[in-house]
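Structural features, examined
Take a look at the letters that make up each chain.
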Amino acid sequence: MGITRRDFLNGVAITVAAGLTPMQILRASPLTAQKTLYYPPALTGLRGNHPGSFEHAHQLGRDGKGFDFANVSVEEKYDLVVVGAGISGLAAACFWQQLKGKDQRILLIDNHDDFGGHAKRNELDSGNATLLGYGGSESLQSPRSNFSAVAMGLLKSLGVSVDGLEQAFDKTFYPDLNLSRGVYFDKRNFGVDKLVSGDPGRMVADDIPRDRLNGRSYQAFINDFPLPESDRQALIALHTIDKDYLPDLSVEEKVEWLDTHSYSQFLRDKVGLSEMAIRYFQQTTSDFQAVGIDATSCSDARICDLPGLNGMKLPPLDAESLADLEDPYVFHFPDGNASLARLMVRHLIPQVAPAGKDMQDIVLATFDYSQLDRPSWPVRLRLSSTGLHVANVSDGVEVCYMTGDRLHKVHAGQVVMAGYNMMIPYLVPEMSQQQQEALKQNVKAPLVYSKVLIRNWQPFIQLGVHEVYCPTAPYCRVKLDYPVDLGGYRHPRDPSQPIGLHMVSVPTLPGSGLSPREQARKGRAQLLGTSFEQHERLIREQLQGMLGAAGFNHQRDILAITVNRWSHGYSYFLNGLFDDEDEAQKIITTARQPIGNITIANSDSDWSPYANSAIDQAWRAVNELVNSHAKEEA
């Protein structure tokens, strides 16, 4: 039994069926009494880089299609045009207003049918209630340790309280239910479907206090693995005995070795694990590093707190990496960083939502998308509009974009490019070849965040888990949604009632020997070739294998599925196995140079897939434009 048609229709499917553009889709928000004509967060099916959001860009970049930009007439004029309405693009518009005044005419365009970029809001209707989820940018990562004064200043101006977010997160909710983390061994790779609870290990970016993990001893935990006795004993020793696996090397030589060898090589060549035992670790780095252990250096594995590296008397971790391990990962809105995007949109276009003052009143605020692009507003946000050509002209910049099948052109005094770095060379062909090549080095990692609404979560209670790591299954991580009560929204408390599952999949090619960039390219092609029906089948099979022993029946218990497909997901970031750090910094600096009245933002321009990086790069980009204009006037 498949998901009903209501569950898997996406914007394009509705368009085909009804002959309408996405802006004409009839869809109501379960959160509001007032029905609206257009409300993307409530759509299920394929979201993220949804059908209709990337085809024109592929025609330009991948297929080399020619567009007649020269013969398109200018339709509108703005002080600033921002290409990309994700966190960085929205922050750039906020900073521009801050520096230049609220009377400035600003246009933001975005190829998706919703704003926020990767900060995607998902709403799942259970019939009796609407559950919120995040389809991309998840949380604020170590804000007290790693956020700049600029990023913290923006949060404060929007009414975001870091202390308030921490208080809203019930850190011991799942531990108080005697739940722990577990591991799912799938039958295809381990000969049996088995879920083992009681993982005693901590995680990078951990939301559970270390003394409340409800873990068993490593001996008890690992001895339940469906592995041969010799493998289980080897894994127990690896986790419990601090050993120097590189005894003949100096500290400097050890660091060099760890930087240049993968964690899978370490486990195979230095620890001596079997291939079956190594398989247990394969996807431990997928969620955080966007590659498996075969493309993750031992130094990066250390950042993820993987075992075997603590007995070598290595130098301490850098402050940022240590914060990722030590700081609580609890700065989370019920819809992830979509609330941050919503706060910025409400700040820029107040008419889109009822008046509010902080993060408390944004969570359940009614958003009227028909107010995003009104001629009378100083700031306009135009969705389903793919930027295709941006060129300096004598009196500013001309921007061409496609909405539906029609090409448009607007004039801007200045432009911020806040989309994917690797796409910018195709949009701004006047830049130097050196800069084009530098921008193309940021090959974003594909990933999938699927949200699954289940009828109840009694199987999790019975199995004693709230989060499950899956070494070889399609989805590497499956977890009950974060327990956050904020702004009138209350996280599900009753296991007999519906809840949202968060499932993470990163398409990689384990054992291929390919670099992260090549794995990302091939993984992206694989992802774009996977239909919603195939995603649905994989989700159903994995959840049935994982939870079936506790009475879960996928045909009865799955109520809705939203697949947030990000063919261009995480920004590329430094990988010690394949990148030289000094050379990488030169590439970053070259890639984000201004081109006349055009400058570049987005977290890509810092090789850092974090919301605070997106904000910092927006601040840099806007200041480059403002300072450049000030010099010209002087």
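In the annotation of an unreviewed UniProt entry, the protein chain is listed under the name Spermidine dehydrogenase and assigned to Mixta intestinalis.

1. What to know about the overall build of the protein chain
The secondary structure content of the protein chain amounts to 26 helices and 17 strands. Its C-alpha radius of gyration of 24 Å places the protein chain within 12% of the 26 Å reference for a compact globule of 634 residues. Over its C-alpha atoms, taken along the principal directions, the protein chain stretches across nearly 75 × 60 × 45 Å. Within the span of the protein chain, comprising 634 residues, buried residues form 59% of the whole. A separation threshold of at least 6 residues defines the contact pool for the protein chain, and within that pool the share at least 24 residues apart is 72%. Put simply, the protein chain shows about 23,900 Å² of open surface, and 50% of that area lies on carbon and sulfur atoms. Each charge class in the protein chain can be summarised by its mean position, and for the 60 positive and 75 negative side chains these summaries are 5 Å apart.

2. Observations concerning the layout of surface pockets
Each pocket or cavity is described by its volume, and for the second largest pocket that value is around 910 Å³. Sort the elements by how many residues they give to the lining of the second largest pocket and helix H23 (residues 532-547) lands first, with five residues. Grouping the constituent residues of the lining of the second largest pocket by class yields 13 nonpolar, 15 polar and nine charged.

3. Quick word on empty space enclosed by the protein
This model, assessed by the stated rule, comprises five cavities of 30 Å³ or more. Of the volumes computed, that of the largest cavity is approximately 150 Å³. Lining the largest cavity are 17 residues, and of these Gln-289, Ala-290, Val-291, Ala-445 and Pro-516 sit closest to its centre. When residues of the lining of the largest cavity are traced back to their parent elements, those giving at least two are strand S12 (445-454) and helix H22 (516-528).

4. Considering the pattern of salt bridges
Using the criterion set out here, one finds 39 salt bridges in the structure. Among the ionic pairs, Arg-382 bridges to Glu-76, the shortest N-O distance being 2.9 Å. Of the two residues, Arg-382 is situated in strand S8 (residues 379-382) and Glu-76 in strand S2 (residues 74-83); the sequence distance between them amounts to 306 residues. Overall, the relative accessible area of 9% leaves Arg-382 in the buried class. Of the charged contacts in the structure, one is a salt bridge between Asp-207 and Arg-181, with a shortest N-O distance of 3.6 Å. On the criterion of sequence distance, the pair formed by Asp-207 in the loop between strand S7 (194-197) and helix H10 (218-222) and Arg-181 in strand S6 (residues 180-185) is long-range, its members being 26 residues apart. Across the pair, exposure class does not vary: Asp-207 and Arg-181 are buried alike. It is possible to trace a salt-bridge network through shared partners that takes in Arg-181, Asp-206, Asp-207, Asp-287, Glu-467 and Arg-477.

5. Let's talk about the packing of helix H20 (residues 433-440) against helix H25 (residues 581-591)
The interhelical angle for the contact between H20 and H25, taken along N-to-C directions, is 120°, at an axis separation of 8 Å. Between H20 and H25 lies a crossing whose hand is left-handed. Touching Gln-434, Gln-435, Ala-438 and Leu-439 of H20 are Ile-587, Thr-590 and Ala-591, all from H25.

6. Focus on the nonpolar core
Ranked by internal contacts, the top residues of the largest apolar core, which has 84 residues, are Leu-108, Phe-115, Met-344, Phe-367, Leu-372, Leu-381 and Val-416. For Leu-381, the contacting residues outside a window of four places in its chain are Ala-85, Leu-90, Leu-108, Phe-115, Val-345, Ile-349, Leu-372 and Asp-373. In terms of nonpolar packing, the next biggest core, distinct from the first, is built from 40 residues, Leu-60, Leu-107, Leu-388 and Ile-588 among them.

7. Re the sheet that holds S12
Taken in spatial order, the eight strands make up an open sheet running S1-S16-S12-S15-S14-S13-S6-S7, and their pairing is mixed. The open sheet has two free edges, formed respectively by strand S1 (45-48) and S7, since each of these has just one partner strand. When strand polarity is set aside, the average angle formed by the axes of neighbouring strands in this sheet is 25°. In the sheet, S1 pairs with strand S16 (residues 558-570) via four bridges, with the strands oriented parallel. Looking across to S16, one finds that Arg-47 is bridged to Asn-564. The sheet strands contacting H23 are S1, S6, S7, S12, strand S13 (465-469), strand S14 (477-480), strand S15 (499-505) and S16, and the helix crosses S16 at an angle near 115°.

Basis of the calculations
Residues numbered from 1 in each chain as written. Predicted model: local features only at pLDDT ≥ 70, side-chain atom pairs only at ≥ 80, totals over all residues. Heavy atoms only, no water. Helix = DSSP H or I, 4+ residues; strand = E, 2+ residues; numbered from the N terminus. Rg over C-alpha atoms; globule rule 2.2 N^0.38 Å. Buried < 20%, exposed > 50% of the residue type's maximum accessible area, 1.4 Å probe, protein only. Contact = heavy atoms within 4.5 Å. Areas by Shrake-Rupley, 256 points an atom, 1.4 Å probe, with all protein chains shown as cover. Lys, Arg positive; Asp, Glu negative; His and termini not counted. Charge placed at Lys NZ, Arg CZ, Asp CG, Glu CD. 1 Å grid on protein atoms, 1.4 Å probe; cavity = no way out; pocket = protein on both sides within 12 Å on 5 of 7 lines; lining within 4 Å. Points joined across faces, edges and corners; volume = space filled by probe spheres on them. Nonpolar A, V, L, I, M, F, W, Y, C, P; charged D, E, K, R; others polar. Salt bridge = Lys/Arg side-chain N within 4 Å of Asp/Glu carboxyl O. Axes fitted to C-alpha atoms, helices over the stretch in contact; angles between N-to-C directions. Left-handed = near helix turned anticlockwise from the far one by under 90°. Core = buried A, V, L, I, M, F, W, Y, C linked by side-chain atoms within 4.5 Å. Pairing = 2+ DSSP bridges.

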